[in-house]
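# Commentary on secondary and tertiary structure
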Amino acid sequence: MYFLIIQLFKVEYKEDVLLAMTSCGIQKGSAFEGQNLDKVLEREFPLFTGLIRSEDEREQFSILITSVVDSKKRVREFVQLLKEADIDIKRENILRVVMIPSEMIIDHTQQWESQS
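Here's a quick rundown of the structure.

Rules and cut-offs
- Residues numbered from 1 in each chain as written.
- Predicted model: local features only at pLDDT ≥ 70, side-chain atom pairs only at ≥ 80, totals over all residues.
- Heavy atoms only, no water.
- Helix = DSSP H or I, 4+ residues; strand = E, 2+ residues; numbered from the N terminus.
- Buried < 20%, exposed > 50% of the residue type's maximum accessible area, 1.4 Å probe, protein only.
- Contact = heavy atoms within 4.5 Å.
- Arc of directions from axis to C-beta.
- Core = buried A, V, L, I, M, F, W, Y, C linked by side-chain atoms within 4.5 Å.
- Pairing = 2+ DSSP bridges.
- Axes fitted to C-alpha atoms, helices over the stretch in contact; angles between N-to-C directions.

The next thing to look at is the overall build of the chain. Scanning the chain for helices and strands turns up 3 helices and 6 strands. In the chain, the succession of α and β elements from N to C terminus is β-α-β-α-β-α-β-β-β. Across the 116 residues in the chain, those meeting the buried criterion constitute 28%. Counting contacts in the chain only where the partners sit at least 6 residues apart, residues at least 24 apart contribute 79% of the total.

This next bit is on helix H1 (residues 14–23). Within the sequence span of H1, burial applies to Val-17, Ala-20 and Met-21. Along H1, the residues classed as buried sweep out an arc of 100° about the axis, all on the same side. Of the residues in H1, the exposed ones pointing more than 90 degrees away from the buried face are Glu-15, Leu-19 and Ser-23. Check the buried side of H1 and you find it contacts strand E1 (2–8), strand E3 (61–69), helix H3 (72–84) and strand E4 (95–101). Taken from the residues just after H1, Gly-25 is the one with a positive phi, measuring 90°.

This brings us to the nonpolar core. Residues Val-17, Phe-78, Leu-82 and Leu-95 are the most contacted members of the largest nonpolar core, which totals 20 residues. For this core, the leading source of residues is E1, giving 4 residues. Residues within four places of Leu-82 in sequence aside, it is in contact with Asp-16, Val-17, Ala-20, Ile-87, Ile-89 and Leu-95.

We now examine the sheet that holds E1. Here we have 4 strands laid out as an open sheet, ordered E2-E3-E1-E4, and antiparallel in their pairing. The outermost strands of the open sheet, each flanked by one partner alone, are strand E2 (30–35) and E4. Put simply, the sheet's adjacent strands are angled 20° from each other on average, direction ignored. Direction of pairing for E1 relative to E4: antiparallel, over a ladder of 7 bridges. Bridge pairing in E4 places Gln-7 opposite Arg-96. With respect to the sheet, H1 is in contact with E1, E2, E3 and E4, its orientation differing from that of E3 by roughly 5°.

As a general feature of sheets, a regular strand has side chains that alternate between the two faces. Sheet topology places E1 next to E3; 7 bridges connect them, and they run antiparallel. Across the sheet, the residue bridging to Phe-3 is Val-68, located in E3.

Let us look at unusual backbone geometry. Within the chain, Lys-28 stands out as a residue other than glycine whose phi angle is a positive 55°. With respect to the element layout, Lys-28 can be found in the loop between H1 and E2. With relative accessibility at 74%, the residue Lys-28 sits in the exposed group. Of note, Asp-86 is a non-glycine position whose phi angle comes to about 60°, a positive value. Within the element layout of this structure, Asp-86 appears in the loop between H3 and E4. Judged by relative accessible area, which is 73%, Asp-86 ranks as exposed.

Given below as structure tokens:
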């Protein structure tokens, strides 16, 4: 089992990402709206950017999506579905995917699933 974290930098792809997740069986997740740290630093501390601010305000916002997945294969399917929808995350900075191995998952069934 893995804890999946998706940092969505381009929020206009939110529906595409959620659709791809559900299409490959990634469900029961959570989504949180936030701000990209680098854009906050640019806005709050203009010395980091040479006093030039970005014209695109959307770049300062991001969405953090989390879920639990049973295998790396499911996440590879997710990335492939995005690519088939002409969203190539390997060429463009749209999102970042992080998978953290989970030693134990406890859910509503009160069953313990463990890697060891």
